[in-house]
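Working through the structure, step by step
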Amino acid sequence: MELLKNKILSSGKVLGEKVLKVDSFLNHQIDVELFNEIGKEFRRRFEKKHITKILTIEASGIGIACITAQYFNVPVVFAKKHEGSNMDKETYESEVFSFTKDKSYKIKVSKKYIDSKDKVLIIDDFLANGNAAAGLIDIVTQANAEVSGVGIVIEKGFQDGRKIIEDKKIQLESLAIIKSMDEGKIIFEN
Ligand code: 5GP
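A brief structural summary. (Residues numbered from 1 in each chain as written. Predicted model: local features only at pLDDT ≥ 70, side-chain atom pairs only at ≥ 80, totals over all residues. Heavy atoms only, no water.)

1. Some points on the pairing of strand E4 (residues 76–79)
For a regular strand, side-chain orientation follows a simple rule: the groups alternate between the two sheet faces. Under the convention used in this document: Exposed residues in this analysis have more than 50% of their type's maximum accessible area, buried residues have under 20%, and partly exposed residues fall in between, with area computed by a 1.4 Å probe over protein chains only. The way it works is that DSSP assigns letters per residue, a run of H or I at least four long becomes a helix, a run of E at least two long becomes a strand, and they are numbered from the N terminus. Being paired, for any two strands, means DSSP has found at least two bridges between them. Handedness of a crossover is defined as follows: with both strands directed away from the viewer, a clockwise route from the first strand across the helix to the second makes it right-handed.
Side chains Val77 and Ala79 of E4 all project onto a buried face; the interleaved residues Val76 and Phe78 project onto a face where none is buried. Across four bridges, strand E3 (residues 53–57) lies against E4 in parallel orientation. Bridging across to E4, Ile57 finds its partner in Ala79. As for the winding sense of the linkage, the β-α-β connection from E3 through helix H4 (residues 60–72) to E4 is right-handed.

What follows is the structure in structure tokens.
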């Protein structure tokens with residue numbers, strides 16, 4: 001997706017060797033026009049899948065998931081990382097190791113919002129080692145629902161996430177795939 005790649009090149013900042021900071025359009029300030037194009041592109045790529053629900057993880061996935069959901073006319077469910085007093089007692093849970101925070105945390109989804117009839121599209125902002133996506137896949141599997149696909153805005157192709165998802169025979173669509181970020185220079189695969 002050229003628009004997204006150009007935005008990454010013009011506004012992305014490489015931190016260290018493996019982290020891309022895209023706060024100016026994706027993770028802090030949000031470029032809604034770009035999100036609309038991202039939503040349309042996910043719709044195009046998963047058009048044939050009869051999606052009934054989009055699942056993401058708080059917080060950065062929510063904006064992308066909501067705009068994308070408008071093109072599928074389905075609800076969005078987001079996995080919660082923080083336990084609130086108003087969380088339902090009956091939940092699906094999974095453990096996720098955070099790439100950016102270097103520690104594990106639990107994610108939870110109320111059993112009310114995914115069931116065995118659902119065909120779920122998982123959406124997230126980044127794919128690194130695939131832990132967040134694997135946790136979301138685990139939750140859909142616990143609900144006996146179908147994982148219809150995983151849609152990622154930015155994949156870091158030099159990390160292991162793709163293999164984890166493809167080994168489960170799940171369709172993975174990443175709109176920008178970064179091949180390398182050596183010395184701060186971003187090179188794309190696609
Ligand atoms: P994974 O679970 O695939 O290792 O990492 C994906 C999650 O970590 C995403 O939900 C995203 O929030 C965060 N993440 C991983 N790598 C990056 C990165 O380079 N930049 C940003 N902004 N977030 C990242």
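Still more to cover.
2. Side note on the nonpolar core
What counts is decided by this rule: What is meant by a nonpolar core is a set of buried Ala, Val, Leu, Ile, Met, Phe, Trp, Tyr and Cys residues, joined one to another through side-chain atoms within 4.5 Å. What makes two residues a contact is simply this: any of their non-hydrogen atoms within 4.5 Å.
Membership of the largest hydrophobic core comes to 31 residues, with the highest contact counts inside it found for Leu4 and Ile38. Among the elements of the structure, helix H1 (2–11), helix H2 (23–27), helix H3 (32–45), H4, strand E7 (119–127), strand E8 (146–156) and strand E9 (172–180) are those that each provide at least two residues to this core. Of the residues forming this core, the biggest block, five residues, is contributed by H4. Apart from the residues lying within four places of it in its own chain, the contact partners of Ile38 are Met1, Leu4, Ile64, Val153 and Leu175. One finds Ile57, Tyr105, Leu127 and Leu172 within the second-largest nonpolar core, a separate group that totals 27 residues.

3. Focus: the packing of H3 against H4
Going by this rule: Simply put, an axis is a line fit to the C-alpha atoms, just over the touching stretch for a helix, and the angle between two N-to-C directions goes from 0 to 180 degrees. Roughly parallel here means an angle under 35 degrees, roughly antiparallel means over 145, roughly perpendicular means 65 to 115, and every remaining angle is called oblique. Crossings are assigned a handedness: left-handed for a near helix turned anticlockwise from the far helix by less than a right angle, right-handed for a clockwise turn.
For the pair H3 and H4, interaxial distance at closest approach is 8 Å and the crossing angle is 55°. When the axis of H3 is compared with that of H4, the two are oblique. When you trace H3 past H4, the crossing you get is right-handed. Contacts between H3 and H4 involve Val32, Phe35, Asn36, Ile38, Gly39, Lys40, Phe42 and Arg43 from the former and Gly63, Ile64, Ile67, Thr68, Tyr71 and Phe72 from the latter.

4. Topic: the side chain of Thr56
With respect to the helices and strands, the residue Thr56 is situated in strand E3. Residue classification places Thr56 among the buried residues on the basis of a relative accessible area of 0%. Filtering out sequence-adjacent residues up to four positions away, Thr56 remains in contact with Gly61, Ile62, Ala65, Val76, Val77, Phe78, Ala79, Ile123, Asp124 and Leu136.

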